[in-house]
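# Per-entry structural report
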Amino acid sequence: VQGPVTVTVTGAAGQIGYALLFRIASGHLLGPDVPVKLRLLEITPALKAAEGTAMELADCAFPLLQSVDISDDPRVAFDGANVALLVGARPRTKGMERGDLLEANGGIFKPQGEAINAVAADDIKVLVVGNPANTNALIAQAHAPDVPAERFTAMTRLDHNRAISQLASKLDVPVTAIKKLTIWGNHSATQYPDLYHAEVNGKVAAEQVDEAWLRDTFIPTVAKRGAAIIEARGASSAASAANAAIDHVYSWVNGTPEGDWTSAAIPSDGSYGVPEGLISSFPVTAKDGKFQIVQGLEIDAFSRERIDASVQELAEERDAVRGLGLI
Ligand code: NAI
């Protein structure tokens, strides 16, 4: 990557935005030698807060940061974007039905998809962080017919990192001892963190832990970690979510290391029985700026059931947004 690279961040004045922008500007998103131009998209009432963040970015005098522009118009904010981090979303509020949530997010991700289609750079890469991330990515993708479908991805890297950390702590090994971990399915409580293909110092992870821990402690701890953070912190994960977004894009652009893979929600090509087109988390490698689904893994009956349940949820979300005319 040579740069400068134009990076658009939506929801820039939010919690994750605050944790994310400084790491992008200091070279962690793309690499230590790649100049960056930042574009911040916010809703009109949050523009002033975004300006405050831009003032702080200026005060860091980051050598790689060439410019910061702020707008409340997607057609301006995505103009020439090479990377788009879609963080701003409509959270579920009390008493809100799933249909209302999907509809509210459709109102955000449809115009953003249209704007990306109209004005982003030809090599645009999109990561959706804002929840429900997989389905929001599907909505944006549906409104960007001129952009190759595989450029729309959603974030399960935080779940991936959480799973590595939980396993490392259980086995008292460094996180670097763990390879080939996979999050399958939806970024939701149905996600399936898979230890049957993961390795700890080269040995199958599932064989290093007892089955009851794997099924009754590990899986729910990873899947419900977001709720546990809210309970403890009084606010949802922000720095760890920003860190995962950095990891996702860094891997996508710079590739994954030999002998390992990572997790990302990308459009299914039908692999592992996941219906084509669903944006589902898979084991993926990245090379030359492209994600590829790791092929040929054997899926045992337990994993099959878990993957199918999460994919079923994704299919239901897709059908719901289709029913609302959002895709
Ligand atoms: P936040 O509420 O602090 O910030 C969201 C920001 O988005 C606000 O500043 C808001 O003004 C802005 N926004 C809303 N609509 C917008 C639009 N149409 N265009 C541009 N900006 C818009 O929320 P936070 O904590 O930063 O989280 C953001 C999203 O990330 C939430 O949906 C959250 O659920 C999700 N998330 C996803 C994770 C994942 O692993 N995929 C992990 C953690 C959070």
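All values derive from a computational prediction rather than experimental measurement.

### Concerning the environment of Ile 124
Within the secondary structure, Ile 124 is located in the loop between helix H4 (98–119) and strand E5 (125–128). Residue class for Ile 124 comes out buried when judged on the 22 C-beta atoms lying within 10 Å of it. C-alpha separation for the pair Ile 124 and Phe 152, spaced 28 residues apart in sequence, amounts to 9.1 Å. Beyond its immediate sequence surroundings of up to four residues, Ile 124 is in contact with Ala 81, Asn 82, Ala 84, Ile 116, Val 147 and Arg 151.

### Structural notes on the site of the ligand
Around the ligand, the structure places 27 residues, and the nearest of them are Gly 11, Gly 14, Ile 16, Gly 88 and Ala 89. Sorting elements by how many residues they give to the shell around the ligand places helix H1 (residues 15–25) first, with 3 residues. Across the shell around the ligand, the residue classes break down as 15 nonpolar, 11 polar and 1 charged. Among the domains, domain 1 (5–154) and domain 2 (157–316) are the pair contributing at least three residues each to the shell around the ligand.

### Regarding the confidence of the model for the protein
Overall, the predicted model of the protein reaches an average pLDDT of 97, with 100% of residues at or above 70. Model confidence for the complex: the whole-complex pTM is 0.98, and ipTM, which rates the interface, is 0.98.

### With respect to the UniProt feature "domain: Lactate/malate dehydrogenase N-terminal" (unreviewed entry) in the protein
The sites that UniProt annotates as "domain: Lactate/malate dehydrogenase N-terminal" (unreviewed entry) are residues 6–146. In this annotation, residues 6–146 is assigned 43% helix and 18% strand; the end-to-end C-alpha distance for the span is 19 Å.

### What to know about the nonpolar core
Of all hydrophobic cores here, the largest spans 95 residues; its most connected members are Leu 85 and Val 129. Split by domain, this core shows at least three residues from each of two domains, domain 1 (5–154) and domain 2 (157–316). Filtering out sequence-adjacent residues up to four positions away, Val 129 remains in contact with Ile 16, Leu 85, Leu 86, Val 87, Met 155, Ala 241 and Ala 245.

### Some words on helix H10 (residues 301–323)
The end-to-end C-alpha distance of H10 is 32 Å, a good match for the 33 Å that 23 residues give at a rise of 1.5 Å each. Among the residues making up H10, those that are buried are Ser 303, Arg 306, Ile 307, Ser 310, Val 311, Glu 313, Leu 314, Glu 317, Arg 318 and Val 321. Looking at the packing, one finds that the buried side of H10 touches H4, helix H5 (133–142), strand E8 (182–184), strand E9 (192–194) and strand E13 (279–287). Two residues or fewer after H10 comes Gly 325, characterised by a positive phi angle close to 75 degrees.

### What about the UniProt feature "binding site: substrate" (unreviewed entry) in the protein?
Sites flagged by UniProt as "binding site: substrate" (unreviewed entry) map to Arg 92, Arg 98, Asn 131 and Arg 162. The largest pairwise C-alpha distance within this set of annotated residues, which runs over 71 residues, is 26.0 Å, so the set is dispersed in three dimensions. Structurally, Arg 98 is set in helix H4. Residue placement: Arg 162 occurs in helix H6 (residues 157–171). Ignoring anything within four residues of it in the chain, the contact list for Arg 162 reads Val 222 and Arg 225.

### Some points on H4
Across its 22 residues, H4 extends 31 Å between first and last C-alpha, which sits within 8% of the 32 Å expected from 1.5 Å per residue. Remark: the principal bend of H4, roughly 30 degrees, maps to Gly 106. Of the positions making up H4, those classed as buried are Leu 101, Leu 102, Asn 105, Gly 106, Ile 108, Phe 109, Gln 112, Gly 113, Ala 115 and Ile 116. Summarising the contacts, the buried residues of H4 are in contact with strand E1 (5–10), helix H3 (74–77), strand E4 (83–86), E5, H5 and H10.

### Some points on the pairing of strand E2 (residues 36–41)
In terms of residue burial, E2 counts as a mostly covered element, since 5 of its 6 residues are buried. Of the strand pairs in this sheet, E1 and E2 are connected by 6 bridges, and their pairing is parallel. Bridging across to E2, Val 7 finds its partner in Leu 38. Considered for its hand, the β-α-β crossover made up of E1, H1 and E2 is right-handed. Relative to strand E3 (residues 65–71), E2 runs parallel, the two being bridged by 6 bridges.

### Examining the packing of H6 against helix H7 (residues 211–223)
Close contact between H6 and H7 brings their axes to 9 Å; oriented N to C, the two are set at 145 degrees. As for the relative orientation of H6 and H7, their crossing is right-handed in sense. Residues Asp 159, Arg 162, Ala 163 and Gln 166 of H6 form the contact with H7, whose own contacting residues are Phe 218, Thr 221 and Val 222.

Conventions and cut-offs
Residues numbered from 1 in each chain as written. Predicted model: local features only at pLDDT ≥ 70, side-chain atom pairs only at ≥ 80, totals over all residues. Helix = DSSP H or I, 4+ residues; strand = E, 2+ residues; numbered from the N terminus. Buried ≥ 20, exposed ≤ 12 C-beta atoms within 10 Å, placed from the backbone. Contact = placed C-beta atoms within 7 Å. Near = placed C-beta within 6 Å. Nonpolar A, V, L, I, M, F, W, Y, C, P; charged D, E, K, R; others polar. Domains from an automatic or database assignment. pLDDT = per-residue confidence, 0-100. UniProt positions renumbered as here; feature names shortened; annotations may be inferred. Core = buried A, V, L, I, M, F, W, Y, C linked by C-beta atoms within 7 Å. Expected span 1.5 Å × (residues − 1). Bend = angle between axes of the 7 residues up to and from the residue. Pairing = 2+ DSSP bridges. Right-handed = clockwise from strand over helix to strand, strands pointing away. Axes fitted to C-alpha atoms, helices over the stretch in contact; angles between N-to-C directions. Left-handed = near helix turned anticlockwise from the far one by under 90°.

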